[in-house]
Amino acid sequence: MRVLLVKTSSLGDLIHSFPALSDAARAIPGIRFDWLVEEAFAEVPAWHPGVLEVIPIGLRRWRRGWRKAWDSGELRGFARRLRRQRYDLVIDAQGLFKSALPAMLVHGPRAGLDRASAREPLSALLYQRRYAVAREQHAVERVRQLFAQALAYPLPANPPDYGLRFSHAHDAGRRRLVLLHGTTWPSKHWPESYWAGLARLAADAGFEVVLPWGDPDDRLRAERIIKAAAAGELLPRQGLSDLAHTLATASGVVGVDSGLAHLAAAVGTPAVTLYGPTRTELTGALGPRQLNLAAQFECAPCMQRVCDFRGPADVEPACFGTLPPDLVFARLLAQMEARAT
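Residues numbered from 1 in each chain as written. Predicted model: local features only at pLDDT ≥ 70, side-chain atom pairs only at ≥ 80, totals over all residues. Heavy atoms only, no water.

K.L.:
Would you mind showing me how to read the pattern of salt bridges here?
P.N.:
Should their charged atoms come close, side chains of opposite charge can pair. Evaluation of the coordinates by the stated rule reveals 18 salt bridges. In this structure, E192 and R224 form a salt bridge, with 2.6 Å as the shortest nitrogen-oxygen distance. One end of the pair, E192, is in helix α7 (residues 192-204); the other, R224, is in helix α8 (residues 216-229), with 32 residues separating them in the sequence. We note a salt bridge from E281 to R279, for which the minimum N-O separation is 2.7 Å. Members of the salt-bridge network, linked through shared partners, are R2, D34, E53, R81 and R84. (Salt bridge = Lys/Arg side-chain N within 4 Å of Asp/Glu carboxyl O. Helix = DSSP H or I, 4+ residues; strand = E, 2+ residues; numbered from the N terminus.)

K.L.:
Mind showing me how you'd approach the side chain of T246 here?
P.N.:
By the secondary structure assignment, T246 is in helix α9 (residues 240-248). Beyond its immediate chain neighbours, meaning those up to four positions away, T246 contacts R176, V178, L235 and Q238. (Contact = heavy atoms within 4.5 Å.)

K.L.:
Help me out: how do you make sense of the packing of aromatic side chains in this one?
P.N.:
Two descriptors summarise a pair of aromatic rings, namely the distance from one centre to the other and the angle between the planes of the rings. For the structure shown, the criterion picks out eight aromatic pairs. With a centroid separation of 5.5 Å and an interplanar angle of 70 degrees, the aromatic rings of W190 and Y194 are classed as edge-to-face. The residues W190 and Y194 share a single accessibility class, namely buried. For the pair W190 and W195, a centre-to-centre distance of 4.9 Å together with 90 degrees between the ring planes defines the contact as edge-to-face. Taking the relative accessible area as the measure of exposure, W190 reaches 2% and is therefore buried. Here the aromatic residues W62, W66 and F78 are joined through ring pairs into a cluster of three or more. Seen from the ring of W185, K188 lies directly overhead, with NZ or CZ sitting 4.8 Å from the centre. (Phe/Tyr/Trp six-rings, centres within 6.5 Å; stacked < 30°, edge-to-face > 60°. Buried < 20%, exposed > 50% of the residue type's maximum accessible area, 1.4 Å probe, protein only. Lys NZ or Arg CZ within 6 Å of the ring centre and 35° of its normal.)

K.L.:
Just to check I follow, could you spell out the packing of α7 against α8 for this structure?
P.N.:
Describing two packed helices takes the angle between their axes plus the distance from one axis to the other. Running from N to C, α7 and α8 cross one another at 55 degrees; their axes reach a closest spacing of 8 Å. Relative to α8, the element α7 lies oblique. Handedness of the crossing formed by α7 with α8: right-handed. Only R221, R224, I225, A228 and A229 of α8 make contact with α7, whose side of the interface consists of E192, W195, A196, A199 and R200. Tallied by class, residues from the contact of α7 with α8 come to six nonpolar, no polar and four charged. (Axes fitted to C-alpha atoms, helices over the stretch in contact; angles between N-to-C directions. Parallel < 35°, antiparallel > 145°, perpendicular 65-115°, else oblique. Left-handed = near helix turned anticlockwise from the far one by under 90°. Nonpolar A, V, L, I, M, F, W, Y, C, P; charged D, E, K, R; others polar.)

K.L.:
What is the right way to look at the state of the cysteines in this model?
P.N.:
By definition, a disulfide links the sulfur atoms of two cysteine residues through a covalent bond. What the rule picks out here adds up to zero disulfides. C302 carries a free sulfur, and the closest cysteine sulfur to it, the one in C299, is 5.9 Å from it. With relative accessibility at 29%, the residue C302 sits in the partly exposed group. For the unlinked cysteine C319, the closest cysteine sulfur is that of C307, found at 6.3 Å. In this structure C319 comes out as buried when scored by relative accessible area, which is 8%. (Disulfide = S-S within 2.5 Å.)

K.L.:
I tried to follow the sheet that holds strand β12 (residues 290-294) on my own but got confused; where do I start?
P.N.:
Neighbouring strands of a sheet are bound in pairs by backbone hydrogen bonds; such pairs are parallel or else antiparallel. As summarised here, the arrangement of the six strands in space is β9-β8-β7-β10-β11-β12, forming an open sheet in which the pairing is parallel. Looking at which strands have only one partner, the edges of the open sheet turn out to be β9 (233-234) and β12. With four bridges joining them, strand β10 (residues 252-256) and strand β11 (residues 271-275) adopt parallel strand pairing. Bridged to V254 within β11 is V272. Along the sheet, α7 contacts β7 (176-180), β8 (208-211) and β10; its crossing angle with β7, the most-contacted strand, is approximately 175 degrees. (Pairing = 2+ DSSP bridges.)

K.L.:
It is not clear to me how the sheet that holds strand β4 (residues 89-92) should be interpreted in this structure. Could you clarify?
P.N.:
The strand order across the open sheet formed by six strands is β3-β2-β1-β4-β5-β6, and the pairing between neighbours is parallel. At either end of the open sheet lies a strand with only one pairing partner, and these are β3 (51-57) and β6 (129-131). Going across the sheet, the axis of each strand differs from the next one's by a mean of 20 degrees, ignoring polarity. Across three bridges, β4 lies against strand β5 (residues 110-113) in parallel orientation. Counted as the bridge partner of D92 is G112 from β5. Across the sheet, helix α4 (residues 74-83) touches β2 (32-38) and β3, and the angle it forms with β3 is around 160 degrees. Against the sheet, helix α6 (residues 139-150) engages β1 (2-6), β2, β4, β5 and β6, with an angle of about 155 degrees to β4.

Next up, the structure:
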């Protein structure tokens, strides 16, 4: 059986889909998946052994220049590639118009969330098979339930299995902590002074502390943290596969709500992820050695991109004042000790 999975972005959403692939591979011997994904994340689907072919799509780039993509013949070439393979099923696990439209070009029955379940309800009109999946539950479980219904197997009761090729590759001879300081919303950012404090605590405890970066703002933030802490090392810029290996071989990871934090949890490294404005029960990092720390504050989780709290506070965003560096470091050490035992 050959199935096309449509899940184009973002990194965290892609990682949330891996357990469903593992479920399907166990339930249906011989099933193979192709994966339609945004070109910036084209290396990610191949991390799972159940993925046969990765089909990149340039939606983000095309939005900036549809005319150029059309005149060059790129769009027609992409459509021809989608039609080249006939599939037993096409599963749109994104539930958006941007994912449902390219799925219509594929040879094979289309399945997805029904109107009450999809993030954009009208996308359900483009599917031939629609499934109800309750929205108020974790994203990982939602994808697992969609797959189980669409592929007609019982939903497994086991914890999520990401099945990644480089999971559990920890180097026991190296005491290295990775600080994942970058994220999207301004309200998700742990204060830089707290990052510096954590880096000092870790360095004083004999850990090698490293900070990755993905864009110029990330790099500048990492450099400020290292300077303030007088500790830590700026990693060279890495691709996603190299970052995955960095996380898989680390002793521990501290991050904020981001795709890389979800990746750290998925590869099984002891990790603590810090949540202020977002809800852990819906998008918290899930993994066998993962701990989510949620801010205990009057307006958290607010689900707002920008903190609008105007009361007295020692840090900004104010909710993160309930998650100081010493608390975070102590909880990380506990996670790492639990792994050792």
